[in-house]
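# Reading the structure
In case you want the letters, here they are:
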Amino acid sequence: GAGVSQSPSNKVTEKGKDVELRCDPISGHTALYWYRQSLGQGLEFLIYFQGNSAPDKSGLPSDRFSAERTGGSVSTLTIQRTQQEDSAVYLCASSLRRAGDSYEQYFGPGTRLTVT
Amino acid sequence: EDKVVQSPLSLVVHEGDTVTLNCSYEVTNFRSLLWYKQEKKAPTFLFMLTSSGIEKKSGRLSSILDKKELFSILNITATQTGDSAIYLCTGAGSYQLTFGKGTKLSVIP
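What this report covers is the structure whose coordinates are included nearby. In this convention, every chain numbers its residues from 1, walking through the sequence in written order. Lettering of chains starts at A and numbering of ligands starts at 1, both following the order in which they are written. Owing to the predicted nature of the model, reporting of local features is limited to residues with pLDDT of at least 70; listing and counting of side-chain atom pairs is limited to 80 or more, with chain, interface and lining totals taken over all residues.

### Regarding the overall build of chain B
Test applied: Numbering of helices and strands starts at the N terminus; helices are DSSP runs of H or I of at least 4 residues and strands are runs of E of at least 2. Put simply, the radius of gyration uses C-alpha atoms, and a globule should come to 2.2 Å times the residue count raised to 0.38. Residues with at least 20 other C-beta atoms within 10 Å of their own are called buried, those with 12 or fewer are called exposed, and the rest are partly exposed. The C-beta atoms themselves are positioned from the backbone.
A tally of helices and strands in chain B yields zero helices and 11 strands. Going residue by residue from the N terminus, the α and β elements of chain B occur as β-β-β-β-β-β-β-β-β-β-β. Taking 2.2 N^0.38 as the reference for a compact globule, 109 residues should give roughly 13 Å; the C-alpha atoms of chain B span a radius of gyration of 13 Å, in line with that estimate. In terms of its C-alpha atoms, chain B occupies a principal-axis envelope of roughly 40 × 30 × 20 Å. When the 109 residues of chain B are sorted by exposure, 33% land in the buried category.

This is the structure:
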């Protein structure tokens, strides 16, 4: 079946503009994660959705970042008033609801965001 | 705060060499340790380790976990140029993954 998809694959925006990044998880996966990878850094957790529960937003770096997940499927990460330090690859991953010790996450191809 | 530290940060080897990548972790409510290979943007899954001392193998790759020392290694034997990538070590807590910064492996012909 289809894997995790993300759009756009690349986005160049001017400082101060808002951007929306989209993630389509694997069908049937109830858990969805957003990560960010800046140049030379490891993956940084941003936000986690599990089913209909309130999301864990503890990794969002500022209140300019928000995310929503509609109908338990597609998710949108929104960055308002973008700054140059927001430039990074934004990765989305999904996994089946946790069962035992299974934590395998399936990653999308990512969106490369460049803020000029 | 959860932490995963990988070493070395980068490594250059010749084809045919054997390499060992290291990962130490401090993860609250530790459940498992995962290794990913990242070549372009999205990481691809390699191994998930939950028990100490049990080696997992996949072809030329193998990995083992030491839950007492909070440590894992990833071995690659007979390296090939296609092994060139960033290898990410990840600690899984209650539901969140903490990633290390990765080891960049370059295999030269």
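### Description of the nonpolar core
Quick note on the threshold: One nonpolar core equals one set of buried Ala, Val, Leu, Ile, Met, Phe, Trp, Tyr and Cys residues connected by C-beta atoms within 7 Å. Two residues form a contact once the distance between their C-beta atoms, set from the backbone, is within 7 Å.
Counting 45 residues, the largest nonpolar core has Trp34, Leu91 and Cys92 of chain A as its most contacted members. Setting aside residues up to four positions removed in sequence, tryptophan 34 of chain A forms contacts with Leu46, Ile47, Ala67, Leu77, Tyr90 and Cys92 of chain A.

### Remarks on the sheet that holds strand β3 (residues 19–24) of chain A
In a beta sheet, neighbouring strands pair by backbone hydrogen bonds and run either parallel or antiparallel. All names here are of chain A. Our working rule: Paired strands, as defined in this entry, are two strands with at least two bridges between them according to DSSP. All axes here are fitted lines through C-alpha atoms, helices being fitted over the stretch that makes contact, and every angle between N-to-C directions spans 0 to 180 degrees.
Spatially, β1-β3-β7-β6 is the arrangement adopted by the four strands of the open sheet, whose pairing is antiparallel. Either end of the sheet is taken by a strand with one partner, and the two such strands are β1 (5–7) and β6 (65–69). Put simply, the sheet's adjacent strands are angled 15 degrees from each other on average, direction ignored. Of the strand pairs in this sheet, β6 and strand β7 (residues 75–79) are connected by five bridges, and their pairing is antiparallel. Within β7, the position partnered with arginine 69 by the bridge is serine 75.

### Some details on the interface of chain B and chain A
It is common to report an interface's size as the accessible area lost on association of the parts. Quick note on the threshold: Gly is placed with the polar residues, together with every amino acid not listed as nonpolar (Ala, Val, Leu, Ile, Met, Phe, Trp, Tyr, Cys and Pro) or charged (Asp, Glu, Lys and Arg).
On the side of chain A, 17 residues touch chain B, which itself brings 18 residues to the contact. Taken together, the elements giving at least two residues each to the side of chain B that touches chain A come down to β4 (32–38), β5 (43–49), β9 (85–92) and β10 (97–99) of chain B. Top contributing element to the side of chain B that touches chain A by residue count: β5 of chain B, with three residues. A per-class count over the side of chain B that touches chain A returns 10 nonpolar, five polar and three charged.

### Some thoughts on the pairing of strand β4 (residues 31–37) of chain A
Residues and elements named next belong to chain A. Summarising burial for β4: six of the seven residues are buried, a large majority. Note: β4 against strand β8 (residues 88–95), seven bridges, orientation antiparallel. Its bridge partner lying in β8, glutamine 37 is registered against valine 89.

### Overview of the sheet that holds strand β3 (residues 19–26) of chain B
All names here are of chain B. A sheet is described by the order of its strands in space; here five strands give the open sequence β1-β3-β8-β7-β6, paired in antiparallel fashion. A single partner strand is all that each edge strand has here, and the edge strands are β1 (3–7) and β6 (56–58). If you compare each strand with its neighbour and ignore which way they point, the axes differ by 15 degrees on average. Sheet topology places β6 next to strand β7 (residues 61–66); three bridges connect them, and they run antiparallel. Looking at the pairing, serine 58 lines up with leucine 61 of β7.

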